[in-house]
Amino acid sequence: MNPSEAIVEGTLQPDGTLVLDAKPNLPPGRVTVVLRQEAKAPPPQDDWFQFLVAARKRMEEAGCGFMNDREVQTHIEWLREAEQIDELLRQSEDQSRGAGQP
C-alpha cells in the first residue's frame, strides 16, 4: 500500500451512502472508491425456532389465520376418510388435465 492509498472497511447503506468503520489516514481531497462485497454474510442472530416464532408472529399481525388444535384434528380426521382422499385425487387429476397435462 503506498502513502496515497488507504484500505478501510465500511457499510453501504440502502440510500447509497457509505459509512466507514474508521477514518482513513489520507489528506482531504478527491478520492477514488472501489467497493467490494464481503464474501461472508453476518451470522444469523436467531436460531431456526426463533425465526419460525417471529415469522408466525408477523403473519398473525398481518391477519393470517391459523387452525387451533381442534380444527387440526378435525381436518386430519377428514383427510383419513377414504372418500375424501379419492375426491382429492380426482380434483388433482382434473387440475392436471386442465393445465394441459395428460
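It should be noted that the structure appears before, not after, this text.
Quick caveat, the model's predicted, so the values are computed rather than measured.

Undergrad: Just checking my understanding: could you explain the overall build of the chain for this structure?
TA: Of the regular secondary structure elements, the chain holds three helices and two strands. Among the 102 residues that make up the chain, the fraction classed as buried is 2%. Taking as baseline every contact in the chain between residues at least 6 positions apart, the subset at least 24 positions apart corresponds to 3%. Counting only carbon and sulfur atoms, one obtains 55% of the accessible surface of the chain, whose full area is about 9,900 Å².

Undergrad: Got a minute to help me understand the layout of surface pockets in this structure?
TA: Of the voids in this model, the largest pocket is the one considered here, and its volume is about 1,200 Å³. Lining the largest pocket are 25 residues, and of these Val 8, Leu 18, Val 33, Val 34 and Leu 35 lie nearest its centre. Elements with a minimum of two residues in the lining of the largest pocket: strand E1 (10-12) and strand E2 (18-20). In terms of residues, the lining of the largest pocket owes the most to one element, E1, which gives three residues. Among the residues forming the lining of the largest pocket, the class breakdown is 14 nonpolar, six polar and five charged.

Undergrad: What's the story with the packing of helix H2 (residues 69-80) against helix H3 (residues 82-98) in this structure? I'm lost.
TA: When two helices pack together, their arrangement is given by the angle between the helix axes and the distance between those axes. Where H2 contacts H3, the two axes come as close as 5 Å, and the packing angle between them is 80°. Judged by the angle between their axes, H2 and H3 are roughly perpendicular. For the pair H2 and H3, contact is made by Trp 78, Leu 79 and Arg 80 and by Ala 82, Gln 84, Ile 85 and Leu 88, respectively. Its residues placed into classes, the contact of H2 with H3 shows five nonpolar, one polar and one charged.

Undergrad: How should the packing of aromatic side chains be read in this particular structure?
TA: We describe a pair of aromatic rings using the distance from one ring centre to the other and the angle between the two ring planes. Enumeration according to the criterion identifies one aromatic pair in this entry. Ring centres 6.0 Å apart and planes at 85° place the aromatic pair Trp 48 and Phe 49 in the edge-to-face group. Lying over the aromatic face of Phe 66, Arg 56 brings its terminal NZ or CZ to 3.9 Å of the ring centre.

Undergrad: For this particular structure, what's the right way to read the environment of Lys 23?
TA: Topologically, Lys 23 is positioned in the loop between E2 and helix H1 (48-61). For the pair Lys 23 and Ala 6, spaced 17 residues apart in the sequence, the C-alpha separation amounts to 9.7 Å.

Undergrad: Could you clarify how one ought to interpret a nonpolar patch on the surface in this entry?
TA: Where nonpolar side chains cluster on the molecular surface, the patch consists of Leu 12, Leu 18, Leu 20, Val 31, Val 33 and Leu 35 and spans about 550 Å² of accessible area. Here Leu 12 lies in strand E1.

The rules behind these values
- Residues numbered from 1 in each chain as written.
- Predicted model: local features only at pLDDT ≥ 70, side-chain atom pairs only at ≥ 80, totals over all residues.
- Heavy atoms only, no water.
- Helix = DSSP H or I, 4+ residues; strand = E, 2+ residues; numbered from the N terminus.
- Buried < 20%, exposed > 50% of the residue type's maximum accessible area, 1.4 Å probe, protein only.
- Contact = heavy atoms within 4.5 Å.
- Areas by Shrake-Rupley, 256 points an atom, 1.4 Å probe, with all protein chains shown as cover.
- 1 Å grid on protein atoms, 1.4 Å probe; cavity = no way out; pocket = protein on both sides within 12 Å on 5 of 7 lines; lining within 4 Å.
- Points joined across faces, edges and corners; volume = space filled by probe spheres on them.
- Nonpolar A, V, L, I, M, F, W, Y, C, P; charged D, E, K, R; others polar.
- Axes fitted to C-alpha atoms, helices over the stretch in contact; angles between N-to-C directions.
- Parallel < 35°, antiparallel > 145°, perpendicular 65-115°, else oblique.
- Phe/Tyr/Trp six-rings, centres within 6.5 Å; stacked < 30°, edge-to-face > 60°.
- Lys NZ or Arg CZ within 6 Å of the ring centre and 35° of its normal.
- Patch = residues over 30% accessible without salt bridge, like charges linked within 9 Å, V, L, I, M, F, W, Y side chains within 5 Å.
- Salt bridge = Lys/Arg side-chain N within 4 Å of Asp/Glu carboxyl O.

Everything listed here is a matter of coordinates, which is why it stays silent on function.
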